[in-house]
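# Observations on the model geometry
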Amino acid sequence: MIEARFHDSIERIPAEAWDALRPDDNPFVSHAFLALLERTGCIRADWGWQAHHLGLYEDGHLVAAAPLYLKGNSHGEFVFDWSWASAWERAGGDYYPKLLNAVPYSPVPGPRLLAGNDARTVERQHALTAAMRSFAERMNLSSVHANFLRDDELAAFDTPWLVRSDVQFHWHNHAYADFTQFLAALNHKKRKNIRQERAHVARSGLAIEMRGGSSLSVEEWRHIHALYESTFDAKGNHAALTRSMFLGLRDTLGDSVQLALARHGERIVAMALFLQSSDTLYGRYWGAEVDVPGMHFELCYYQGIEHAIRHGLQRFEPGAQGEHKLARGFLPVRTHSRHYLVNKSFRDAVHEALQREAEGMDDYAQELMQHSPYAHLEA
């Protein structure tokens, strides 16, 4: 008999038991990363986040789990359902709170249904999605959402889950020996533009380096957070990650965190922050106190590509959105989300809208591939 239990903190689940269920070493669903978000004040009810993690138990042993949150708004999700919320509330319903299966503030594809890797994995994935639906119905919630799913999890979200897809831009390593060999794979125009962008940065006189998170001092980490925070503020956005979260990255994840830095003397004047698994680099945050042409591309993209080549990583996922990434060697990749709306009439109406959206997204993805930066179109 499988028992579903919900937990208001991931620290109520033993880290060893949670991590044993991960199908890979994606850092965003590690117990350490999710616990750090909660412990350092990034997960707060007044910001619309309440931890509500799901565990499935057999004979008292954790056999499957999912990172879950009760959401009081749709901020920090990157799969936009504002129009659904507005429509449901105009009809007299309460869209929030809703249940979200995702990693906060992280539009990163990866495991969302942690069910090990054995003969019962598929069965337990289905049990997780069934438990989410049952909870939403029992508690009279409007909906359940699962964002940035792995391909091998999609089958667990059968009818009546609604299907949604989007596009990100990812870089793939074709066993490049170095950055020069990567450039050689691009068409002449794109190759020339990248060289010009890098030359602008080189002429700035700033020192560029890639560093592991554990090698930086506490004071350097404080300044890195200040750069992140000021850049968010300048764009009118909310910087949700606290200073203690950044310092916790140094102490908890160590060199799974990588930073591309620009220095003027000893002072860090620009940075890009990445997380890393055994085969993938994930671009996350950027901040700068100088305005140097090409600096954003150098730190956020080119340093990441060089790092991936140097360490034999297979992919580099620089974050959500951004057609400008196409010209810099990143190709369109489909991302997947699934949505269960408890009210059938509402669900049917959204289903029709999503069918139209899907046709447009298919056309968009095909059009993007016609503008591949590579001299020979990659598969």
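Below, the structure is looked at part by part. (Residues numbered from 1 in each chain as written. Predicted model: local features only at pLDDT ≥ 70, side-chain atom pairs only at ≥ 80, totals over all residues. Heavy atoms only, no water.)

What follows concerns a negative patch on the surface. Among the surface-exposed residues, Glu-323, Glu-359, Asp-363 and Glu-367 lie close enough to one another that they form a single negatively charged patch. Here Glu-359 shows up in helix H10 (residues 344-369). (Patch = residues over 30% accessible without salt bridge, like charges linked within 9 Å, V, L, I, M, F, W, Y side chains within 5 Å. Areas by Shrake-Rupley, 256 points an atom, 1.4 Å probe, with all protein chains shown as cover. Salt bridge = Lys/Arg side-chain N within 4 Å of Asp/Glu carboxyl O. Lys, Arg positive; Asp, Glu negative; His and termini not counted. Charge placed at Lys NZ, Arg CZ, Asp CG, Glu CD. Helix = DSSP H or I, 4+ residues; strand = E, 2+ residues; numbered from the N terminus.)

What follows is about the sheet that holds strand S12 (residues 280-288). Spatially, the 11 strands line up as an open sheet ordered S2-S5-S6-S7-S14-S8-S13-S12-S11-S10-S9, and their pairing is mixed. With one partner strand each, in any of the chains shown, strand S2 (49-51) and strand S9 (207-212) form the two edges of the open sheet. Between one strand and the next, the sheet's axes are offset by a mean angle of 30°, whatever the strand orientation. Pairing geometry for strand S8 (residues 162-172) and strand S13 (residues 315-317), over 2 bridges, is antiparallel. Bridging across to S13, Trp-171 finds its partner in Phe-316. (Pairing = 2+ DSSP bridges. Axes fitted to C-alpha atoms, helices over the stretch in contact; angles between N-to-C directions.)

As a further point, take the pairing of strand S14 (residues 331-341). Taking burial as the measure, the 11 residues of S14 include 9 buried ones, the bulk of the element. Alignment of S8 against S14, held across 9 bridges, turns out to be antiparallel. Bridged to Arg-164 within S14 is Ser-337. (Buried < 20%, exposed > 50% of the residue type's maximum accessible area, 1.4 Å probe, protein only.)

The next thing to look at is unusual backbone geometry. Tyr-96 connects to Pro-97 through a cis peptide bond whose omega is 0°. Along the chain, Pro-97 turns up in the loop between helix H3 (82-90) and strand S6 (98-101). In this model, Thr-159 is joined to Pro-160 through a cis peptide bond whose omega is 15°. Tracing the chain through its elements places Pro-160 in the loop between strand S7 (143-146) and S8. For Phe-78, which is not glycine, the phi torsion reads 70° and is therefore positive. Within the secondary structure layout, Phe-78 lies in the loop between strand S5 (68-71) and H3. Given a relative accessible area of 30%, Phe-78 falls into the partly exposed group. Even without glycine at this site, Ala-175 takes up a positive phi of about 55°. Position of Ala-175 relative to the elements: it lies in the loop between S8 and helix H5 (179-184).

Considering the arrangement of structural elements, one finds Ala-115 in the loop between S6 and helix H4 (121-138). For Ala-115 and Glu-137, which are 22 residues apart along the polypeptide, the C-alpha to C-alpha distance reads 23 Å. Ignoring anything within four residues of it in the chain, the contact list for Ala-115 reads Leu-21, Val-63, Ala-64, Thr-121, Arg-124 and Gln-125. (Contact = heavy atoms within 4.5 Å.)

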